[in-house]
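# A structural walkthrough
Spelled out from the first residue to the last, the chains are:
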Amino acid sequence: MKIIVLFLLSLPALAQWQMQVSGTDANFRAVSAANRRVVWAGGTQGTFIRTTDGGQTWQAGRVPGADSLDFRDVHAVDERMAYLMSSGPAERGQARIYKTTDGGQSWQLVYETRQTGVFFDGMDFYGRREGVVFSDPVNGKWFILRSSNGGRTWKQLPPETLPPVLPGEAAFAASGSNLILRGYQIQTHRYRHVWIASGGAASGRIFYSRNFYRRWRVVDTPIPGGPTAGIFGLWFSPGGRRGMAVGGDYKAENAESQNVAVTRNGGRTWQAATPTNPPGLKEGIGKLGRRLIVVGPSGSCFTDDWGRSWTKIDDSAFHAISCAGGRCWAVGAKGAVGVYNGK
């Protein structure tokens, strides 16, 4: 008996999510970690939260004049600067982008459109100047905005340069990670890679461009699609070669399915990975060292071998995840915020 007890005590304890006090009951689908101490999140009723001490304390606030907005994406630059993107029908005044440069004490509305059909789905930045935001299709093409001056102004990409979408195809504004922007420079040549994930059609598809959005390609993935199914979240390495996509069906959150796909060539081709444990809808992906962590309403898990096997963390329901400095933060409904520190 003593031997059994000693053996059990010697087993390494698997890390779990440590829940934190956000100070609000807003529903969150967006989180962005600038570093291991500074994290921002966006939610319903125009709500944002911010920590500057690694989650020991959180500041909750509302953007003035945005009480009816649902912030589905956020990008943190540092403890003073962040961007919020709201999702909802533009004709109802719900397609907006805000920016703060004073830690959330004041917010500037840097973009708004009331164009019928616009419904923002995702936003990402490369560095402090280059930004991209995209919306559900308008007239059969994605509505994509680009900023090259730190979000002060935004310009729509010409629709004629974009590939057409399929009937019923759109995106899910579920985790703030269905659009990824990466950039790098080789000698004097600069490159910008952007990937957009879709659902609604027969399979989840990836739209991607590697030359400043002038030429686009589209590729199918093994993740099934459908009216309420497809890809919900993406992750790509800094160089843009390796990537992972996760998804499922939001009307069948716990259903088993092929909910993970991976690429090793920048998104040109995708292969099926082992489905997650627990199964079901997965919406966001974070990287902690070599470990990739996925979250969703059906629980969270991690892989240390590029999706060949999965280890369950727990059944906590989260929608979005962001990692920096050896920590990951995840957010969900009713003010849920959790931190994961690994092994």
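These notes cover the structure that comes with them. Quick caveat, the model's predicted, so the values are computed rather than measured. (Residues numbered from 1 in each chain as written. Predicted model: local features only at pLDDT ≥ 70, side-chain atom pairs only at ≥ 80, totals over all residues. Heavy atoms only, no water.)

Strand order in the open sheet formed by four strands is β1-β28-β27-β26, with antiparallel pairing between adjacent strands. The open sheet has two edge strands with one neighbour each: β1 (18–20) and β26 (320–324). With direction set aside, neighbouring strand axes in the sheet form an average angle of 25°. (Pairing = 2+ DSSP bridges. Helix = DSSP H or I, 4+ residues; strand = E, 2+ residues; numbered from the N terminus. Axes fitted to C-alpha atoms, helices over the stretch in contact; angles between N-to-C directions.)

The subject of this paragraph is the nonpolar core. Core analysis: the biggest nonpolar cluster contains 18 residues, and I97, F120, V133 and W154 have the highest contact counts within it. Listed by contribution, the elements that provide at least two residues to this core are β7 (82–87), β9 (108–112), β10 (120–126), β11 (130–138) and β12 (141–147). In terms of residues, this core owes the most to one element, β10, which gives three residues. If you look at the next biggest cluster of nonpolar residues, it comprises 15 residues, including V132, F134, I196 and Y213. (Core = buried A, V, L, I, M, F, W, Y, C linked by side-chain atoms within 4.5 Å. Buried < 20%, exposed > 50% of the residue type's maximum accessible area, 1.4 Å probe, protein only.)

The next point concerns a positive patch on the surface. A cluster of basic residues, R210, R215, R217, R241 and R268, forms a positive patch on the protein surface. Relative to the elements of secondary structure, R215 occurs in the loop between β16 (203–209) and β17 (216–224). (Patch = residues over 30% accessible without salt bridge, like charges linked within 9 Å, V, L, I, M, F, W, Y side chains within 5 Å. Areas by Shrake-Rupley, 256 points an atom, 1.4 Å probe, with all protein chains shown as cover. Salt bridge = Lys/Arg side-chain N within 4 Å of Asp/Glu carboxyl O. Lys, Arg positive; Asp, Glu negative; His and termini not counted. Charge placed at Lys NZ, Arg CZ, Asp CG, Glu CD.)

Now for the sheet that holds strand β19 (residues 243–249). What the four strands build is an open sheet, ordered β18-β19-β20-β21; its pairing is antiparallel. Each edge of the open sheet carries a strand with a single partner, namely β18 (229–236) and β21 (271–272). The sheet contact formed by β18 and β19 spans seven bridges and is antiparallel. Residue pairing across strands places A229 opposite D249, the latter belonging to β19.

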